[in-house]
Amino acid sequence: MNQEKNSSAIKKNSKIPSDLTRSVLDQTWKATARTTAFTQSLIEKSKTLRTPSPAVDRIGTKIGGIASVGLLFVGSVQFLISKPLWGLGTVSFGMISLLSNRYHAHKIKVLK
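(A) Structural detail: the overall build of the protein. For the protein, the count of helices and strands is 4 helices and 0 strands. For the protein, the computed accessible surface area is about 9600 Å², with 68% contributed by carbon and sulfur atoms.

Written out as structure tokens, the structure is:
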């Protein structure tokens, strides 16, 4: 009889599986909410880092323009030394880069 009282007391004091599952789910939801809040704060902070300052933007555009003119020059030299495929590829990359930089430079001026 004493054992029956102990076993029934243990059963009453122990949590049923649905209570355990519910507590684990609550802990999981709380952890997920903290992770989501942290991720969202990092996204907000990174938005300021995506757009460079105007001075850095101008410098980057100038460097890109110099590199594209260099590609055009190297491509024309490759045509002259009888490497037409390499020359065509280099000239095309130079033109694409030059057009892209000119478009970006125009966009910077329009935003001013």
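(B) Region of interest: the environment of Ala 105. With respect to the element layout, Ala 105 can be found in helix α4 (residues 84-111). Distance from Ala 105 to Arg 58, taken between C-alpha atoms, is 7.5 Å for residues 47 residues apart in sequence.

(C) Structural view of helix α3 (residues 54-80). Between its first and last C-alpha atoms α3 spans 39 Å; for 27 residues at 1.5 Å apiece the expected length is 39 Å, and the two agree. Within the span of α3, buried status applies to Thr 61, Gly 64, Gly 65, Ser 68, Gly 75 and Gln 78. With its phi angle positive at about 60°, Ser 82 sits one or two positions after the end of α3.

(D) Local environment of unusual backbone geometry. The phi torsion at Ser 82 lies on the positive side, around 60°, for a residue other than glycine. Within the element layout of this structure, Ser 82 appears in the loop between α3 and α4. With a relative accessible area of 61%, Ser 82 lands in the exposed category.

(E) Structural view of the confidence of the model for the protein. When pLDDT is averaged along the protein, the result is 83; 84% of the residues meet or exceed 70. Averaged pLDDT values for the elements of the protein fall to 52 in helix α1 (residues 2-13) and rise to 91 in α3.

Thresholds applied
Residues numbered from 1 in each chain as written. Predicted model: local features only at pLDDT ≥ 70, side-chain atom pairs only at ≥ 80, totals over all residues. Heavy atoms only, no water. Helix = DSSP H or I, 4+ residues; strand = E, 2+ residues; numbered from the N terminus. Areas by Shrake-Rupley, 256 points an atom, 1.4 Å probe, with all protein chains shown as cover. Expected span 1.5 Å × (residues − 1). Buried < 20%, exposed > 50% of the residue type's maximum accessible area, 1.4 Å probe, protein only. pLDDT = per-residue confidence, 0-100.

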